[in-house]
Amino acid sequence: MSRKKRLRRISAAMLTVPVLAAFASGAMAQKPKGPGASNGSGVFYENYVNSFYDSNGDGHGDLKGIAQKLDYLNDGRPHSGQDRGISGVWMMPINASPSYHKYDVTDYYQVDPEYGTLNDFRSLMGRREHRSDGDGLLG
């Protein structure tokens with residue numbers, strides 16, 4: 001395998017692993033609390049960003065749209081009945097790519113402009129740190 005291919009694979013892993021870890025760590029690492037608490041298992045939502053929620057009216061879902069709808073997936077209140085009870089989110093590829101599904105990545109270091117910016121991605125990941133309850137989607 002060429003050095004360039006190895007670098008691309010490592011770069012892809014560097015973007016993919018933190019996304020999964022950020023969403024899963026809080027949901028899977030929490031110990032059950034109180035009556036009816038979860039045993040640590042949960043439901044993951046596979047998110048095709050392009051079709052999830054369009055925050056700017058361009059006809060395509062985007063990272064800001066996901067951030068705006070996090071409470072729809074999991075509001076951090078286990079028995080509120082107002083959310084879907086999702087424990088974690090698995091996002092489809094968000095890197096720059098010429099195809100609709102984004103699996104043929106052309107730039108592993110950037111977010112596809114159709115979905116937003118790297119700062120939008122960082123902001124979405126930062127939402128994890130702003131959750132006060134320690135439970136739910138972003139832990």
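Just so it is clear, the structure is predicted and the values come from calculations on it, not from any experiment.

1. A look at the nonpolar core
Now for step 1: Core analysis: the largest hydrophobic core is formed by 16 residues, its most contacted members being L63, I66, M91, I94, F121 and L124.
Now for step 2: Put simply, the parts of the chain that give this core at least two residues each are α2 (49-52), α3 (63-68), α4 (70-73), β2 (88-91) and α5 (118-126).

2. Thoughts on α5
Now for step 1: The set of residues buried in α5 consists of D120, F121, L124, M125 and G126.
Now for step 2: Between a side-chain oxygen at the N-terminus of α5 and the backbone nitrogen of N119 the separation is 3.3 Å; the capping residue is T117.

3. Considering the packing of aromatic side chains
Here a ring pair, both rings aromatic, is described through the centre-centre distance and the interplanar angle of the planes.
Now for step 1: One pass over the structure, following the stated rule, counts 1 aromatic pair.
Now for step 2: Across from the ring centre of Y115, 5.5 Å away, lies the NZ or CZ of K102, which sits over that ring.

4. Focus on the environment of M92
Now for step 1: Tracing the backbone through its elements, the reader meets M92 in the loop between β2 and β3 (95-96).
Now for step 2: A relative accessible area of 16% places M92 in the buried class.
Now for step 3: When the C-alpha atoms of M92 and N47 are compared, they prove to be 6.0 Å apart, with 45 residues separating the residues in sequence.
Now for step 4: In contact with M92, not counting residues within four places along its chain, are E46, N47, Y48 and Y103.

The rules behind these values
- Residues numbered from 1 in each chain as written.
- Predicted model: local features only at pLDDT ≥ 70, side-chain atom pairs only at ≥ 80, totals over all residues.
- Heavy atoms only, no water.
- Core = buried A, V, L, I, M, F, W, Y, C linked by side-chain atoms within 4.5 Å.
- Buried < 20%, exposed > 50% of the residue type's maximum accessible area, 1.4 Å probe, protein only.
- Helix = DSSP H or I, 4+ residues; strand = E, 2+ residues; numbered from the N terminus.
- Polar contact = N/O pair within 3.5 Å; in protein donor to acceptor, adjacent residues only side chain to side chain.
- Phe/Tyr/Trp six-rings, centres within 6.5 Å; stacked < 30°, edge-to-face > 60°.
- Lys NZ or Arg CZ within 6 Å of the ring centre and 35° of its normal.
- Contact = heavy atoms within 4.5 Å.

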